[in-house]
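Secondary and tertiary structure notes
The chain contents come next:
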Amino acid sequence: MILKKKGAMNANRNFTTLVMIAVLMIFSSCENDTSQEVTTLNNLVWADEFNVDGAPDPQNWTYEIGTGQNGWGNNELQYYTDRSENIKVENGFLVITAREESFQGSDYTSARIITKDKREFEYGRFEARMKMPWGQGIWPAFWMLGADIDQNPWPGAGEIDVMEYLGQDPTITFGTIHGPGYSGGESVSKKYDLGNSRFDTKFHVFGIEWGPGFVNFYVDDVLYGRLTPEDIPEGSDWVFDKPFFLLLNMAIGGTLPGSPDQNTVFPQTLIVDYVRVYSFE
Amino acid sequence: MMHLMNNDKMRKVSRTLCITSIATLLFSCVRDEEPLPAATFPTTAEVFTDVPVGLTDEFFISFDPAGGANTDGFGTDDSEAFEETTSIRIEVPSATNADGSFIGGIFRDRGAGRNLTGYDALTFWAKASTTATLGTVGFGTDFIENKFPVSRSNLELSTDWKQYIIPIPDASKLTQERGLFLFSAGSQSTGGNGYTLWLDEIKFENLGTLAQDRPSILGGQQVLQEGFLEVPVQITNLTQTLNSADGDITVSASPLYFDFTSSNETVAVVDEMGLVQVRSIGEATITAKIGNTVANGSLNLNVEGGFVFAQAPTLEASKVVSLFSDAYNDIPVSRYNSFFEPFQTTLGGVLPVGSESIISYTNMNFVGIVFNDVTFPAEAVAPIDATNLTHLHFDINVQEEIQPGDFIEIELSDYNSDPALAARVTISASQLLERKWASIDIPLSDFTALTSRSRVGLLLFDSDKTISDIYLDNIYFYDDTE
C-alpha cells in the first residue's frame, strides 16, 4: 500500500515539478545560482523505501558505532549505536533518534549508517525525503564520501554533503563539497533558506544531480546551488569523478553547530521516508 | 500567468470559488429561514506603518496616570523611520520624573475588532537612543474585555533598527480582537535615566517560521498543594514558547488561550480563566492544553477539609493599627514580602483564601513587611507612630513539624534616626503550634533597644532557616490601656 501511495505521490510531484520548472525559469533564474532544470535524471537504479519494520536493511546499510576519532573529526558529543532506541525502520520510515543519556562515556546517543562496500555510485541523482529535528546543537546530514577513502584518506577521497542542517536554524539547509585544499572550514557551500517555512514541521526532498564537472543541489522544487571546478580554489583537484557511498546520521554538538543548550529538547528524530538514486545516463 | 500558479494555490482558489457560490445560493434562496453565518471581522494586518492603521482617534491610550503612567512622551517622528518617512517616538521618562516614571498603553482597533486567525505573530521594528531593555510588549489588551492578552518581556533594544516577534499563542482564538498593541517602558535598565524609543512597521504576519509550541502552566512545575474546601486556587504563570528562526521566544498568555481540565470534577472544577473551585474532599489534578499540545506543569490538589482561620480579633478598631487583617482596615504597606536582595530566600506573600486572605511564606530564612519611606523610596508609605501603642499581635501557623530548637526572631525597626534603630524578640518553639494557629502578643517594651517608636516601619521575621513554611494573619499593633 505504501509503495503504491508513494508511486502516486511521485507522479504528482513530477507534474508539480514540471509546472514549477516553468515558474522557476521565468521568475527565479536570476535569483538562484543555476542554469538548468531542477531534476533531469529519472532512471531509478536503487532505492531504500524503508518499508520493512526493524533494523535498516543490512544489504544496503552498515552501522558506524562509537565516537570515532575526536568525535568523528568534529568534536561531536554523541555515541553512535545500533540500538533500536537510536535507529529503526517503522511504519515506512527510517527513524534516527538522538537521546540525552549517559552511555559509554558520552552524554548523548544517536546513529549513523553508511552504504560503503554495499551501494556505491558514480554520478547520478541522489535524493532523500526527510523531516528534520530541531534545536540548538542538533546536526543531521545526508551525505557522500569517496569510496576509496580507505586508500585515500579524507579529504583526499572527497565529500559531497547533499543535505546538512543545524537545528538552531530551522529554515536553512546547505549543500557542500570537500576535497583536498577545500575541506572543513574551507569547503565550498551553497545555502538555501525556506524563508517562510521550516524543515522540522513537514517532509522535504533534499537532493543533488551530480555529473562530470558539476554538482547541483536542490530542495523540493528549488534548485539552489551549482558547484563546478570553477568554484574550488585554483590549482586544487576536482575529486568527484569516481564512485561514492552514502551516509545518514544525526550528530549532537560539534564544531559546526556548537553544543545543545538548556532549551534543546530531547529526544530528537530525523525521519527519512526514502533514499533514491537515479543513474546519470 | 494564472496557469503558472502552483497546485495548492489553484486548489485554494477553486475552493474559495465553491464556497462563494454555495454562500451565494444560501443567501439568495433561503435568506429568511437560515441563520446568517457568524460575522467575520476585517483581517487588516497593519497596526502602524507611516500612520496608525484603523486605530481609534486617540491612537495611543495610556495606562492610568494614577498608577504612575507618564502620558506626555508619546508621539510620531518624521525624521526617523525604519521604512518610509515616519515612526512612533516614545520619550521614556526618568525614574524621578514627576509626571510619571514609566510610559505605556495600548493601540485599539477603531471598529469592532479584527480577525487575526490567519496570522502567527505580531512583528515590529524598534530602536532606542541607547541600549536598553524594553519592559513589556504585546497585544490582546483592549481596556474593555482584555480577553486575550499576550506579552513578551525584557526585549533587548539597540541603537540600530531591529525586528521583534511576539508569537500568537493560538491564533484560532483571535476572531475579533481589538487590542492590537501594548507596550510599557521605564528606565530600570538605564540606571534611572530616560531615553528615546522608536517603533515602526507594527503589524500582524504569518511568518510560517514559528513551530514546536511548548505551552506551560505554573512555570512548568508539577505543583503538589493542599487544597481547602471552598477556597479557590488560581492557576498562574501561563506561558507559550515557540521556536523561531532565531531561537525560542516565550510569551505570557491569557488563560483564555488554554483549555483547562480537572482529573476529578467531584473534588475540583476549573473554569476557562484557570480558577479552580474546590468542591469536596479527595484528590484532583489540573492540567491544560493549547490546541492539541499538553502544557508542561500541573496542579495536584489534595483536599482534606476546609481552611481553618485564626480566631477573629475582638479589639475595637480605634485601639488598633493594622498591617494585615481582614478584621480591620490595613494601613498602606509597601511590601508584604520584602524580597531583600541578595540573601533573602523567603518566597510567598499574601494568599487569598476564599473571600479573605492570609500571608503564606515558604522557603523561609527571613522576610520583612515593609511600611516606611526609607527602604524602598519608590514605594514610600508613612511609617507608624507607635509611641502610644503597647503591643504587637500576630497569629502564626507553622506548616511543618516543629523541632525543639526552632525559633523565629521578631525584629522591629524605627526610622526616626539614620541608621534606623532595630530590636529583636525571640519566639521559641514552645510558643508555636504545628499546622494550628498560635496567637502571639508581644509588649513593645520588650523591644528594649527601640528607644524611639515614632517611626516604626519594618517588621522582620527571621527563622534562620529553622522553620521554612508559615502562615500569618491578623498582624497589628494595639493599645491595651483602658
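Residues numbered from 1 in each chain as written. Chains lettered and ligands numbered in written order. Predicted model: local features only at pLDDT ≥ 70, side-chain atom pairs only at ≥ 80, totals over all residues.

So, about the overall build of chain A. Looking only at helices and strands, chain A has two helices and 18 strands in total. Expressed as a percentage of the 281 residues in chain A, the buried residues total 43%. Across chain A, every contact between residues at least 6 apart in sequence was considered, and the portion connecting residues at least 24 apart equals 74%. (Helix = DSSP H or I, 4+ residues; strand = E, 2+ residues; numbered from the N terminus. Buried ≥ 20, exposed ≤ 12 C-beta atoms within 10 Å, placed from the backbone. Contact = placed C-beta atoms within 7 Å.)

Looking now at the overall build of chain B. Across its full length, chain B carries one helix and 31 strands. Dimensions of chain B along its principal axes, counting C-alpha atoms only, are 95 × 60 × 45 Å. Long-range pairs, those at least 24 residues apart, make up 71% of the contacts in chain B with a sequence separation of at least 6.

Let us look at the environment of V278 of chain B. Residues and elements named next belong to chain B. Residue position: V278 is located in strand 18 (residues 275-278). In this structure V278 comes out as buried when scored by C-beta crowding, with 22 C-beta atoms within 10 Å. For the pair V278 and T49, spaced 229 residues apart in the sequence, the C-alpha separation amounts to 49 Å. When neighbours within four sequence positions are excluded, V278 is seen to be in contact with G227, F228, L229, E230, V231, P232, A268, L301 and V303.

Below, the discussion takes up the pairing of strand 19 (residues 282-290) of chain B. Residues and elements named next belong to chain B. Here strand 16 (residues 259-262) pairs with strand 19 via four bridges, running antiparallel. Residue pairing across strands places S262 opposite I286, the latter belonging to strand 19. In this structure, strand 19 lies alongside strand 21 (residues 298-306), joined through five bridges in antiparallel fashion. Bridging from a neighbouring strand, A284 pairs with L301 of strand 21. Sheet analysis places strand 19 next to strand 20 (residues 293-294), joined by two bridges and oriented antiparallel. (Pairing = 2+ DSSP bridges.)

F181, L197 and V276 of chain B are the most contacted members of the largest nonpolar core, which totals 68 residues. Discounting chain neighbours no more than four positions away, the residues touching F181 of chain B are V47, I106, F107, F139 and I202 of chain B. Membership of the second largest hydrophobic core comes to 64 residues, among which are W61, A98, W210 and F244 of chain A. (Core = buried A, V, L, I, M, F, W, Y, C linked by C-beta atoms within 7 Å.)

What follows is about the sheet that holds strand 2 (residues 61-62) of chain B. By definition, the strands of a sheet pair up through backbone hydrogen bonds, in either a parallel or an antiparallel sense. All names here are of chain B. The seven strands lie next to each other as 2-5-10-7-8-15-14, forming an open sheet whose pairing is antiparallel. Edge positions in the sheet fall to strand 2 and strand 14 (239-244), since each of these pairs with one other strand and no more. Pairing geometry for strand 2 and strand 5 (residues 102-108), over two bridges, is antiparallel. Bridging from a neighbouring strand, S62 pairs with G105 of strand 5.

Once that is clear, we can look at unusual backbone geometry. Residue and element names in this part refer to chain B. In the segment running from E341 into P342, the intervening peptide bond is cis, with an omega of 0°. Here P342 lies in the loop between strand 22 (320-324) and strand 23 (347-353). The peptide bond linking D418 to P419 adopts the cis configuration, its omega dihedral lying at 5°. Structurally, P419 is set in the loop between strand 27 (407-414) and strand 28 (421-428). Despite not being glycine, F143 has its phi angle at roughly 60°, a positive value. By the element assignment, F143 lies in the loop between strand 7 (132-139) and strand 8 (150-157).

Residues and elements named next belong to chain A. Among the secondary structure elements, G207 is positioned in strand 14 (residues 204-211). In the structure, G207 is positioned 43 residues away from E164 in sequence and 11 Å away in space, judged by C-alpha atoms. Look past the residues within four positions of G207 in its chain and what remains in contact with it is R125, F126, E127, V162 and Y218.

Before going further, it helps to examine the sheet that holds strand 13 (residues 233-234) of chain B. Taken in spatial order, the three strands make up an open sheet running 13-18-17 (chain B), and their pairing is antiparallel. The strands lining the two open edges of the sheet, one partner per strand, are strand 13 and strand 17 (268-270) of chain B.

Turning to the pairing of strand 25 (residues 366-370) of chain B, a few remarks are in order. Where burial is concerned, most of strand 25 of chain B is hidden: five out of the five residues are buried. The side-chain alternation of strand 25 of chain B yields two buried faces, one formed by F366, G368 and V370 of chain B and the other by V367 and I369 of chain B.

Per-residue confidence for chain A averages 89 on the pLDDT scale, and 87% of its residues sit at or above 70. A low-confidence stretch, residues 1-35 of chain A (pLDDT under 50), is modelled with 30 contacts involving residues beyond four sequence positions or located in other chains. (pLDDT = per-residue confidence, 0-100.)

Its place among the elements puts K289 of chain B in strand 19. If near-sequence neighbours (up to four positions away) are discounted, K289 of chain B is found in contact with F258, D259, V294 and A295 of chain B.

Moving on: the confidence of the model for chain B. Residue and element names in this part refer to chain B. A residue-level look at chain B finds 92% of positions with pLDDT of 70 or above and a mean pLDDT of 91. Contacts from residues 1-32, a stretch scored under 50 in pLDDT, to residues over four places away or in other chains number eight contacts. Taken over the whole predicted complex, pTM reads 0.76, whereas the ipTM for its chain interfaces reads 0.82.

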